[in-house]
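This is what each chain is made of:
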Amino acid sequence: MTHEQTVNVLRGNLRAVLAPQRDRLQRAKRAVLHGLGAAESGRVEELFEIRERIASEFDTQFHNVLFCGSAHYGFSPTKGTLFDPMRSDLDVAIIDLELYRKAAEEAFRVTRGFNDLTPFTHRGGQEASEMLSRQMSKRAMILMSIMPESPWVRQRDVAMSKLSNQYSNKYRSISVAIYMSDYFFCWKQDSAIETIMRGSDA
């Protein structure tokens, strides 16, 4: 295939994805904010809907919601295995300073500065508490699955459980991590990217 033919194919794929959308805002979201690499596997609408739902449930902007891990690369850099929608998790990152602040304050409030581990009882206990503390201090990252129990957390747990159940035939589970900024998100991804650059599966 010549360069021109390749360009025409890519252009045609993009048009096919955007053509059904009459709303210009929705079209712009798909073209600019939503990674269209998924078009090749026919998952654009599915992933777009998931991003919209998560953005709504976490009260954040659509463009703050990103896919990462094997769902983004198409394979696991550390395991050297292809992304398998039926067996792989769908890892989602939300990059939002204000949301990160809310989650961090919630964790600090309900645990009284991580002195009361009772809210972690059904979230992994002391191990979860220590992991969350490390994530916040070293990575500016909060994994929602190990957040201490509270009404704020429970509301989002319920929403994510419904979303995971809706797509249970596509993904093993859908997990969310909140990051303070692009910098910390990219820093978290650095080791996987380095593995890819080295061409190593280990």
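Caption draft 1: Representation of the pattern of salt bridges within the structure. Scanning all chains against the criterion turns up seven salt bridges. Between Asp89 and Arg172 there is a salt bridge; the shortest N-O distance is 3.0 Å. Taken together, the residues span a long stretch of sequence, with Asp89 in the loop between α4 (70-73) and β2 (90-95) and Arg172 in the loop between α7 (151-166) and β4 (174-179) at a distance of 83 residues. Look at Asp89 and you get partly exposed, because its relative accessible area is 23%. Across the pair Glu98 and Arg101 runs a salt bridge whose closest N-O atoms are separated by 2.3 Å. Separated by three residues within a single helix, Glu98 and Arg101 lie in helix α5 (residues 97-110), roughly one turn from each other. What makes Glu98 partly exposed here is its relative accessible area of 38%.

Caption draft 2: Inspection of the pairing of β2 at higher detail. Counting buried positions over the six residues of β2 gives five, a clear majority of the element. Pairing geometry for strand β1 (residues 65-68) and β2, over four bridges, is antiparallel. The residue of β2 that forms the bridge with Cys68 is Asp91. The pairing of β2 with β4 spans six bridges and is parallel.

Analysis parameters
- Residues numbered from 1 in each chain as written.
- Predicted model: local features only at pLDDT ≥ 70, side-chain atom pairs only at ≥ 80, totals over all residues.
- Heavy atoms only, no water.
- Salt bridge = Lys/Arg side-chain N within 4 Å of Asp/Glu carboxyl O.
- Helix = DSSP H or I, 4+ residues; strand = E, 2+ residues; numbered from the N terminus.
- Buried < 20%, exposed > 50% of the residue type's maximum accessible area, 1.4 Å probe, protein only.
- Pairing = 2+ DSSP bridges.

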